[in-house]
Amino acid sequence: NMGPKDIADAYKDKDDELFTHPGRQIYEWKVKNGLGDVREVIFHKATFEDVHGNVAGLIGAILDVTERKQMEVQQTR
């Protein structure tokens with residue numbers, strides 16, 4: 001569960017961008033995990049092509065950077 005409808009719509013909009021303009025996307029976002037905790041993440045997404053060169057889908061990974069962000073804030077204090 002990635003979140004409420006407005007958040008799901010935002011994810012879909014980002015995915016649609018990739019289908020319209022194939023390539024890669026990297027962006028930061030905040031998501032709630034299954035326990036309801038807000039996590040800061042970085043999305044890495046890319047299109048992939050079929051044998052004819054047409055966009056066949058998306059592949060990606062989500063990197064949780066919550067602890068890194070918290071450490072950065074503590075170091076600047």
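Right above here is the structure, for reference.
Residues numbered from 1 in each chain as written. Predicted model: local features only at pLDDT ≥ 70, side-chain atom pairs only at ≥ 80, totals over all residues. Heavy atoms only, no water.

(A) Here's a closer look at the pattern of salt bridges. A full pass over the atoms with the stated rule returns eight salt bridges. Lys14 serves as the salt-bridge partner of Glu17, at 3.9 Å between the closest nitrogen and oxygen. Of the two residues, Glu17 and Lys14 both sit in helix H1 (residues 5-20), three residues apart, roughly one turn of that helix. Residue classification places Glu17 among the partly exposed residues on the basis of a relative accessible area of 41%. Residue Arg39 pairs with Glu67 through a salt bridge whose shortest N-O separation is 2.7 Å. Residue Arg39 is found in strand S2 (residues 38-49), and its partner Glu67 is found in helix H2 (residues 66-75); the two are separated by 28 residues along the sequence. (Salt bridge = Lys/Arg side-chain N within 4 Å of Asp/Glu carboxyl O. Helix = DSSP H or I, 4+ residues; strand = E, 2+ residues; numbered from the N terminus. Buried < 20%, exposed > 50% of the residue type's maximum accessible area, 1.4 Å probe, protein only.)

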